[in-house]
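Structural features, examined
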Amino acid sequence: MRPPTTPPQARSPDFSTSQFRQALGMFATGVTIVTARTPAGELVGLTANSFNSVSLAPPLVLWSLARSAGAMAAFSTGSHYAINILSADQQELARQFAAKDVDRYQGVAFTLGASGAPLLEDAAATFECFNRSRYEEGDHVIFVGEVERCAHRVGAAPLLFHGGRFYTEHPL
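Residues numbered from 1 in each chain as written. Predicted model: local features only at pLDDT ≥ 70, side-chain atom pairs only at ≥ 80, totals over all residues. Heavy atoms only, no water.

So, the pattern of salt bridges
For clarity, the cut-off: The term salt bridge refers to a pairing of a side-chain nitrogen on Lys or Arg with a carboxyl oxygen on Asp or Glu at a separation within 4 Å. Strands here are runs of E lasting at least two residues and helices are runs of H or I lasting at least four, both read from the DSSP assignment and numbered beginning at the N terminus. Each residue gets one of three labels from its accessible area relative to the maximum for its type: buried under 20%, exposed over 50%, partly exposed in between, using a 1.4 Å probe on protein chains only.
What the rule picks out here adds up to three salt bridges. For the salt bridge of Arg67 with Glu136, the shortest nitrogen-to-oxygen distance reads 3.2 Å. Taken together, the residues Arg67 in the loop between β5 (60-66) and α2 (72-77) and Glu136 in strand β9 (residues 125-137) connect sequence positions 69 residues apart. Relative accessible area serves as the criterion here: at 39%, Arg67 is assigned to the partly exposed category. With its nearest N and O atoms 2.9 Å apart, the salt bridge here joins Arg132 to Glu146.

Now the structure itself:
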């Protein structure tokens, strides 16, 4: 008989949380605002740069949210949300939706999508998603959305985030 095997495990990190955040900041990302409307009609939204495509068939995207986020309940229990990819001129909107203790929708132009989630005016692209699945990993929840509708603004320059600062594209 073989002795029971112990499943492999990761070694303990040899870096601080600050070092990890700084290293992650070296990956340039786009900037999104994820929005939803609760069954009670409350609008929720937050700035996120943890967005990625998953699959073309079916059309799936993902994003992640800290378990401690105030909007976690709304996004975990809601059936739909929208992912708004910001354009280069929407820096202030990104900051507004990242701020705490403010009315994030104050002065924001939007329309309601087919599922009721806010679609931000002048976004570079929008994805209306069914809240297909969630995976708890570490201190975050990974949301996988099945895209029901999408649109984009031809020629829109994206808002990028790198090393703690906003940028826009420059062709090489």
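Back to the text.
Some thoughts on the sheet that holds strand β10 (residues 140-152)
Selection criterion: Two strands qualify as a pair provided that DSSP identifies no fewer than 2 bridges between them. As a rule, the C-alpha atoms of each element are fitted with a line to give its axis, helices using only the stretch in contact, and angles between N-to-C directions run from 0 to 180 degrees. In what follows, residue pairs with any heavy atoms lying within 4.5 Å of each other are defined as contacts.
A sheet is described by the order of its strands in space; here seven strands give the open sequence β3-β2-β6-β9-β10-β5-β4, paired in antiparallel fashion. At either end of the open sheet lies a strand with only one pairing partner, and these are β3 (43-48) and β4 (51-55). Averaged over all neighbouring strand pairs, the angle between strand axes comes to 35 degrees, with direction disregarded. Looking at chain direction, β9 and β10 are connected through 12 bridges and run antiparallel. Looking across to β10, one finds that Thr126 is bridged to Ala151. Across the face of the sheet, helix α3 (residues 91-98) comes into contact with β2 (32-37) and β3 while running at roughly 115 degrees to β3.

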